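Okay, here's what each chain looks like letter by letter:
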There are 2 protein chains.
Amino acid sequence: MNTATLPPLAEIKARMAKTNDLFNVEVFGRRNFDALDHIYTADARILPPGAPMIAGRQSIKEFWKGMVTSAHATSAALSSVDVMEAGDAVIEIGRAVLTVEPPGESAAQLEVKYVVFWREEDSDWKWHVDIWNSNS
Amino acid sequence: MNTATLPPLAEIKARMAKTNDLFNVEVFGRRNFDALDHIYTADARILPPGAPMIAGRQSIKEFWKGMVTSAHATSAALSSVDVMEAGDAVIEIGRAVLTVEPPGESAAQLEVKYVVFWREEDSDWKWHVDIWNSNS
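None of these values were measured; they are calculated from a predicted model.

Undergrad: Would you mind showing me how to read the pattern of salt bridges here?
TA: Any two side chains of opposite charge can pair, on the condition that their charged atoms come close. Using the criterion set out here, one finds 20 salt bridges over all chains in the structure. When the shortest N-O distance is used, the salt bridge between B:Asp88 and B:Arg119 registers 3.1 Å. Taken as a pair, B:Asp88 in the loop between β3 (73-86) and β4 (89-100) and B:Arg119 in strand β5 (residues 108-121) lie far apart in primary sequence, 31 residues in all. The exposure class of B:Arg119 is buried, given its relative accessible area of 18%. Via salt bridges that share partners, A:Asp34, A:Asp37, A:Arg57, A:Lys61, A:Glu121 and A:Lys126 belong to a single interconnected network.

As structure tokens, then:
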């Protein structure tokens, strides 16, 4: 396998963690949806449960804006389960714990697992294909 | 990107189609679960909706045996939406139409989308990571 185009895996993992933190802290915590410019590639695709595939970062931003707002989500803590290099890309298996806090209700947590196909774009490691589902 | 280790994409796609057909015709059509030896890598992982991740081909075979039997599933027609090379691997976005025919009920079809991380093993192109969810 060619890994000549990739920096050491430890460095990639650190940069992936930075992207994953942005998703939690900026998108979910601060509802700063423009942070998604640094999380998804321009022509990324997401495959959400219960809906058809969505293509393109602008449409993906609309999806997350609606989802975070309507679900009263306040955090999405992501953790990598496995990170596999493939050429100049990376495939990650991960788990996410979503916290939702609807007004007048107690906070609830949902466990989600996901697979992300990562690519480097504009010096950021970003999600190029993103699919997830619930454990329950 | 290095594709030197890979044959032409058209050839890979043809071999992927062969694997996908096995899943439909042998696993779902004939309930020949040993065909899964030619579909999943030995250390494959699946991420099914509504259940935790399952690792290893033997456990994956048990999963599909239970799923196909209990759901009275008779076919799983897979079609590639996009096939992306990455080093010596391939990432596929696809859609599946599942047909279930419970005794005494009319047949129903379910639409599913998926992402598969493919690797070559023992001269077959196989599913190394397999995750899916429903469109509805």
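Undergrad: What am I meant to see in the side chain of A:Lys113 here?
TA: Along the polypeptide, A:Lys113 turns up in strand β5 (residues 108-121). One buried charged side chain, A:Lys113, makes no salt bridge at all; its nearest oppositely charged neighbour is A:Glu111, positioned 8.5 Å away. A polar side-chain atom of A:Lys113 sits 2.6 Å from the main-chain carbonyl oxygen of B:Ala51.

Undergrad: What am I meant to see in the relation of the copies chain A and chain B here?
TA: Between the two chain copies there is a screw-like relation: a rotation about an axis and a shift along it. Overlay of chain A on chain B (RMSD 0.0 Å): rotation 180°, translation along the axis 0.0 Å. Expressed as an axis order, the relation between the two copies is that of a two-fold axis. For chain A, the smallest separation between a C-alpha atom and the rotation axis is recorded for A:Gly87, amounting to 1.7 Å. Residue by residue, 100% of the interface of chain A is reproduced at the interface of chain B, so both copies engage with the same surface.

Undergrad: Looking at this structure, how should I read the interface of chain A and chain B?
TA: Chain A puts 33 residues into the contact, and the matching count from chain B is 33 residues. Connecting chain A to chain B are 2 salt bridges. One can count 14 residue pairs in polar contact (both at pLDDT 80 or more) joining chain A with chain B. Sort the elements by how many residues they give to the side of chain A that touches chain B and strand β6 (residues 124-134) of chain A lands first, with 6 residues. Of the residues in the side of chain A that touches chain B, the class split is 19 nonpolar, 8 polar and 6 charged.

What counts and how
Residues numbered from 1 in each chain as written. Chains lettered and ligands numbered in written order. Predicted model: local features only at pLDDT ≥ 70, side-chain atom pairs only at ≥ 80, totals over all residues. Heavy atoms only, no water. Salt bridge = Lys/Arg side-chain N within 4 Å of Asp/Glu carboxyl O. Helix = DSSP H or I, 4+ residues; strand = E, 2+ residues; numbered from the N terminus. Buried < 20%, exposed > 50% of the residue type's maximum accessible area, 1.4 Å probe, protein only. Lys, Arg positive; Asp, Glu negative; His and termini not counted. Polar contact = N/O pair within 3.5 Å; in protein donor to acceptor, adjacent residues only side chain to side chain. Least-squares fit on C-alpha atoms with pLDDT ≥ 70 in both. Contact = heavy atoms within 4.5 Å. Nonpolar A, V, L, I, M, F, W, Y, C, P; charged D, E, K, R; others polar.

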